[in-house]
Amino acid sequence: MTQQWITIIPDQPFAGYLSLPPTGTGPGLVLLQEIWGVNEHIRAVADSYAQAGFVVFAPDVFWRLTPRLDLNYDDAGTQKAFECYQTLDADQAVSDVVTAIDFLKTRPEVNGKIGIIGYCLGGQLAYRSAAASADISAAVCYYGGGIANYLDVAPQLKQAIMFHHGAHDEHIPANDVAKIKATFAHHTHAQFFDYPAGHGFNCWGRSGMYHQPSAALAQGRSLAFLAEQLCI
């Protein structure tokens, strides 16, 4: 596989991590970070989806605050991550993600449809960006914090969408998950999966949160979903 950082906007520090599949081409997938930036874990996740045949692009959501933020999950890294999260203009971030989608669809390596997947903050941004971009054919949202606050954009989501939540999530109340499910009850292409885990269960770097059985099951479902929606 080939991996590299690529600038999205000339003469601007807005960049992203591009990971190409072994064949060099495939359907596109925008992958959105947690609050720790496009760090080692997110790059590894991007590589895993590239290994499965997708052209994966992970844009630097925090580029307007601290370009190429790459934080560990220790106390110092977590403090910096939350400072960036609290400072982030989420509406601007959605606009930036749409710019990243537009960038990915111009790449010669992309030979099919484009999907989007996000984790934590990235889960919310994936949901909102899918509503904002007609170029997204499928979306996957892992424990997207704050999605319940943006249910007004749900009618704009015409594409297939998958939600993953931990049943013991300490950051996303069960009532919020229930609201999301109720909003999408009549969406014929919305899927929901709950896991016996807490928040951040997909991230092997977050001690006490990672839950391997849930992570493996969710990734398998996500891969099957993205293959069906983007490749068939």
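Everything here concerns the structure above.
Predicted model only: the values in this text are computed from it and were never measured.

### Focus on the environment of Ala 58
Then, in step 1: Its place among the elements puts Ala 58 in strand 4 (residues 55-59).
Then, in step 2: Assessed through its relative accessible area of 0%, Ala 58 is described here as buried.
Then, in step 3: Residues Ala 58 and Gln 33 lie 25 residues apart in sequence; the distance between their C-alpha atoms is 7.2 Å.
Then, in step 4: With sequence-adjacent residues up to four places away left out, Ala 58 is seen in contact with Gly 16, Tyr 17, Leu 31, Val 38 and Ile 42.

### Considerations on the pattern of salt bridges
Then, in step 1: If you walk through the whole model with that rule in mind, you get eight salt bridges.
Then, in step 2: Arg 128 is the partner of Asp 91 in a salt bridge, and the nearest nitrogen-oxygen pair spans 2.5 Å. Of this pair, Asp 91 sits in helix 3 (residues 90-105) while Arg 128 sits in helix 4 (residues 121-132); the two residues are 37 residues apart in sequence, bridging distant segments of the chain.
Then, in step 3: Asp 91 sits in the exposed class, given a relative accessible area of 52%.
Then, in step 4: Arg 128 gets classed as buried once you look at its relative accessible area, which sits at 11%.
Then, in step 5: Connected through salt bridges with shared partners, the residues Asp 102, Lys 105 and Asp 135 form a single ionic network.

### Concerning the side chain of His 165
Then, in step 1: With respect to the secondary-structure elements, His 165 resides in strand 7 (residues 160-166).
Then, in step 2: Not counting the four nearest positions on each side in its chain, His 165 is found in contact with Tyr 143, Ile 172, Val 177, Ile 180, Phe 193, Asp 194, Tyr 195 and Phe 201.

### With respect to the sheet that holds strand 3 (residues 26-32)
The strands making up a sheet associate through hydrogen bonds between their backbones, and the pairing can be parallel or antiparallel.
Then, in step 1: Strands sit in the order 1-2-4-3-5-6-7-8 across an open sheet of eight strands; the sheet is mixed. A strand with exactly one partner marks an edge of an open sheet, and here the two such strands are strand 1 (2-7) and strand 8 (190-195). With strand direction ignored, the average angle separating the axes of adjacent strands in the sheet is 20°.
Then, in step 2: Note that strand 7 and strand 8 share six bridges and pair parallel.

### Some points on unusual backbone geometry
Then, in step 1: Backbone geometry at Asp 11 places phi at a positive 65°, although glycine is not the residue there.
Then, in step 2: Among the secondary structure elements, Asp 11 is positioned in the loop between strand 1 and strand 2 (15-20).
Then, in step 3: Asp 11 sits in the exposed class, given a relative accessible area of 80%.
Then, in step 4: If you check the backbone angles, Arg 68 has positive phi at about 55° while not being a glycine.
Then, in step 5: Inspection of the secondary structure assignment puts Arg 68 in the loop between strand 4 and helix 2 (75-87).

### Digging into the packing of aromatic side chains
Then, in step 1: Throughout the structure, instances matching the rule amount to 15 aromatic pairs.
Then, in step 2: Geometrically, the ring pair formed by Phe 57 and Phe 103 is tilted, given 5.2 Å between the ring centres and 45° between the ring planes. Remark: Phe 103 occurs in helix 3 and Phe 57 occurs in strand 4; sequence separation between them is 46 residues.
Then, in step 3: Cluster of aromatic residues (ring-pair linked, three or more members): Tyr 119, Tyr 142, Tyr 143, Tyr 195 and Phe 201.
Then, in step 4: Sitting over the face of the ring of Tyr 150, Arg 128 holds its NZ or CZ atom 3.8 Å from the ring centroid.

### Things to note about the environment of Pro 59
Then, in step 1: In this structure, Pro 59 sits in strand 4.
Then, in step 2: Separated by 40 residues in the primary sequence, Pro 59 and Thr 99 place their C-alpha atoms 9.5 Å from one another.
Then, in step 3: Discounting residues that sit within four places of it in the chain, Pro 59 has contacts with Ile 8, Phe 14, Ala 15, Gly 16, Val 30, Leu 31, Leu 32, Gln 33, Val 38 and Ala 100.

### Here we look at the pairing of strand 6 (residues 136-142)
Then, in step 1: Among the seven residues that make up strand 6, six are buried, leaving the element largely enclosed by the rest of the structure.
Then, in step 2: As paired elements, strand 5 (residues 110-119) and strand 6 share six bridges and run parallel to each other. By the bridge assignment, Ile 116 is partnered in strand 6 with Ala 139.
Then, in step 3: Looking at chain direction, strand 6 and strand 7 are connected through five bridges and run parallel. Its bridge partner lying in strand 7, Val 140 is registered against Met 162.

What counts as what
- Residues numbered from 1 in each chain as written.
- Predicted model: local features only at pLDDT ≥ 70, side-chain atom pairs only at ≥ 80, totals over all residues.
- Heavy atoms only, no water.
- Helix = DSSP H or I, 4+ residues; strand = E, 2+ residues; numbered from the N terminus.
- Buried < 20%, exposed > 50% of the residue type's maximum accessible area, 1.4 Å probe, protein only.
- Contact = heavy atoms within 4.5 Å.
- Salt bridge = Lys/Arg side-chain N within 4 Å of Asp/Glu carboxyl O.
- Pairing = 2+ DSSP bridges.
- Axes fitted to C-alpha atoms, helices over the stretch in contact; angles between N-to-C directions.
- Phe/Tyr/Trp six-rings, centres within 6.5 Å; stacked < 30°, edge-to-face > 60°.
- Lys NZ or Arg CZ within 6 Å of the ring centre and 35° of its normal.

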